[in-house]
Amino acid sequence: MKNNRRSFIKLAGLAAAGLCVAPKATLASGGGHSPVKAGPKAEHAKRWAMVIDTRKVHTEEDIKVLQHACHSVHNVPDIPTKQNIKWLWSAPYEECFPEQQNPHLDDDVKGRSYMLLCNHCENPPCVRVCPTKATFKRPDGIVVMDYHRCIGCRYCMAACPYGSRSFNFGEPRDYLDLTKLNTDFPTRMRGVVEKCNFCVERLAKGLQPACVEASDGAIVFGDLADKDSEVRKVLRENFTIRRKPTAGTEPSVYYII
Amino acid sequence: MHYGGKIIIGIVIFVGLLLSPFVFNVGKAYKQPELKLPANEKKCVESLEFMRTKHMQLLNEWRDWALRDGKRVYVNHEGKEFEISLQNTCMKCHKSKADFCDKCHNDAGVSPYCWDCHIQPEGLK
């Protein structure tokens, strides 16, 4: 009897231990085959960032060119009302940098137009409020949307201090030139929010963001965590500011003044 | 029996309505939808059986892998690689949504909402 009980308990213990490793063992017996990976040309970074040289891009016309580059690859409609959709747009100094104002600012700086886009914040408030996790921050710092999960509640729009998000009040396709779509990229539909995605789909193929490519060197894009990167070099050598620093969101978009 | 005739007529009409779908379709064999398969390709991303029954699961995983995990290359069971994309992979082989996806879906009574945003190979009008 005594022996029997001992061996029973031992066996039971062994079986319990088996339960702990079973899931791993079945995974391994499936061949351990991981079906996905990043593309061979994909760009990688610890923290993507952008530096905009406002000495070089500072007129409405300059920014229109960049906006066109961005909006045409992402099928962003141009709606002639307050319900317009914007991924990249422009604003004067006082709208762009309301916290960095002096009564008698340099005419040149005050007269420029500034290119605006999603700041891809280190502490993105939009991500914190999204009830479906449709907006999230990738490990490389890019704040993106999974449109499939967006329920159009617009909390993110209320949370964003920069107005970087637009809501599709109507069908965006009604305002797109359907003969000039980029057929490699989807449109959006009525009822979802949208914004700049730092061109994740282009980075995945080893391309630079569309606005950077169109800027002729006036916008630098790279890894903020790599101290030898181009962005870090530009930041070291120039005076830069970011939008609304007191919001504590730590934007990844810098402006050379 | 009170109202006997009316009740019986009612029952006959009811049973008639109930059986009408069967009566309508009597003698018509179910015909599988005729799909237009890609001309120059032999194999899909995965096996025919898998695609036929599980393509929706695969697409669901594809979009999470591409958008949430940032991994946009899929390696199938034979080790062949595909870019993860509905528009740029599936629809580059299946060049007609109307003659392929829709044929089956109309037959099965499903209408995926993907095309509210994704652009079909036929283009938009």
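From a predicted model like this one, the values you see are computed outputs, not experimental measurements.

About the cut-offs
Residues numbered from 1 in each chain as written. Chains lettered and ligands numbered in written order. Predicted model: local features only at pLDDT ≥ 70, side-chain atom pairs only at ≥ 80, totals over all residues. Heavy atoms only, no water. Helix = DSSP H or I, 4+ residues; strand = E, 2+ residues; numbered from the N terminus. Rg over C-alpha atoms; globule rule 2.2 N^0.38 Å. Buried < 20%, exposed > 50% of the residue type's maximum accessible area, 1.4 Å probe, protein only. Contact = heavy atoms within 4.5 Å. Areas by Shrake-Rupley, 256 points an atom, 1.4 Å probe, with all protein chains shown as cover. Lys, Arg positive; Asp, Glu negative; His and termini not counted. Charge placed at Lys NZ, Arg CZ, Asp CG, Glu CD. pLDDT = per-residue confidence, 0-100. Salt bridge = Lys/Arg side-chain N within 4 Å of Asp/Glu carboxyl O. Buried area = accessible area lost by both parts, 1.4 Å probe. Polar contact = N/O pair within 3.5 Å; in protein donor to acceptor, adjacent residues only side chain to side chain. Nonpolar A, V, L, I, M, F, W, Y, C, P; charged D, E, K, R; others polar. Pairing = 2+ DSSP bridges. Core = buried A, V, L, I, M, F, W, Y, C linked by side-chain atoms within 4.5 Å. 1 Å grid on protein atoms, 1.4 Å probe; cavity = no way out; pocket = protein on both sides within 12 Å on 5 of 7 lines; lining within 4 Å. Points joined across faces, edges and corners; volume = space filled by probe spheres on them. Disulfide = S-S within 2.5 Å.

(A) Broad picture of the overall build of chain B. Secondary structure assignment for chain B yields 4 helices and 2 strands. For chain B, the sequential pattern of α-helices and β-strands runs α-α-β-β-α-α. Computed over its C-alpha atoms, the radius of gyration of chain B comes to 23 Å, more than 25% above the 14 Å expected for a compact globule of 125 residues. In terms of overall dimensions, chain B has C-alpha extents of about 75 × 35 × 30 Å along its principal axes. Across the 125 residues in chain B, those meeting the buried criterion constitute 29%. Considering only intrachain contacts with a sequence separation of at least 6, the fraction spanning at least 24 residues in chain B is 56%. Surface summary for chain B: the accessible area is close to 9,300 Å², and the carbon and sulfur share equals 62%. For chain B, the distance from the average position of its 18 positive side-chain charges to the average position of its 15 negative side-chain charges is 5 Å.

(B) Representation of the confidence of the model for chain B within the structure. Confidence along chain B averages 92 in pLDDT terms, with 100% of residues attaining 70 or more. Predicted as a complex, the structure gets a pTM of 0.88 and an ipTM equal to 0.83.

(C) Fine view of the pattern of salt bridges. Residue and element names in this part refer to chain A. In the structure shown here, the tally under the stated rule is 18 salt bridges over all chains. A salt bridge links Lys 56 to Asp 53, with the shortest nitrogen-to-oxygen separation between them at 3.8 Å. Residues Glu 250 and Arg 242 are paired through a salt bridge, measuring 3.0 Å at the closest nitrogen-oxygen approach. The structure contains a network of salt bridges with shared partners spanning Arg 47, Glu 122 and Lys 137.

(D) Geometry of the interface of chain B and chain A. Counting residues at the interface gives 27 residues for chain B, matched by 29 residues for chain A. Taking both partners together, chain B and chain A bury about 2,500 Å²; carbon and sulfur atoms supply 57% of that area. Contact with chain A buries area across many residues of chain B, yet Arg 68, Cys 117 and Leu 124 of chain B alone supply 25% of it, more than any other trio. Between chain B and chain A we count 3 salt bridges in total. The closest approach of N and O atoms between Asp 146 of chain A and Arg 68 of chain B, which form a salt bridge, is 3.0 Å. Where chain B meets chain A, there are 13 residue pairs in polar contact (both at pLDDT 80 or more). Elements represented by at least two residues in the side of chain B that touches chain A include exactly helix H2 (48-68), strand E1 (73-75), strand E2 (81-83) and helix H3 (86-93) of chain B. With 5 residues, the single largest contributor to the side of chain B that touches chain A is H2 of chain B. The residue inventory of the side of chain B that touches chain A, partitioned by class, reads 11 nonpolar, 6 polar and 10 charged. With 2 bridges joining them, strand E1 (residues 36-37) of chain A and E1 of chain B adopt antiparallel strand pairing. In the strand pairing of E1 of chain B, Val 36 of chain A is matched with Tyr 74 of chain B.

(E) View of the sheet that holds E1 of chain A. Strand order in the open sheet formed by 3 strands is E1(A)-E1(B)-E2(B), with antiparallel pairing between adjacent strands. The sheet is open, and its two borders are formed by E1 of chain A together with E2 of chain B, each paired with just one other strand.

(F) Region of the structure containing the nonpolar core. Ranked by size, the top nonpolar core spans 52 residues in total, and within it Met 50, Ile 52, Met 115 and Phe 198 of chain A carry the most contacts. Top contributing element to this core by residue count: strand E4 (residues 113-117) of chain A, with 4 residues. Once residues within four sequence positions are removed from consideration, Phe 198 of chain A is found in contact with Trp 48, Ala 49, Met 50, Leu 117, Cys 118, His 120, Ile 142, Leu 203, Pro 209, Phe 221 and Val 253 of chain A. Judged by nonpolar contacts, the second largest core, of 16 residues, contains Trp 65, Ala 66, Cys 90 and Trp 115 of chain B.

(G) Region of the structure containing the layout of surface pockets. Approximately 450 Å³ is the volume found for the second largest pocket. Lining the second largest pocket are 17 residues, and of these His 68, His 71, Ser 72, Val 76 and Asp 78 of chain A lie nearest its centre.

(H) Structural detail: the state of the cysteines. All names here are of chain A. A complete count under the given rule lists 0 disulfides over all chains for this structure. The thiol of Cys 150 is not disulfide-bonded; the next cysteine sulfur, from Cys 156, is found 6.4 Å away. In this structure Cys 150 comes out as buried when scored by relative accessible area, which is 17%. This cysteine, Cys 196, is not joined by any disulfide, and Cys 118 carries the nearest cysteine sulfur, 5.4 Å off. Judged by its relative accessible area of 8%, Cys 196 is buried.

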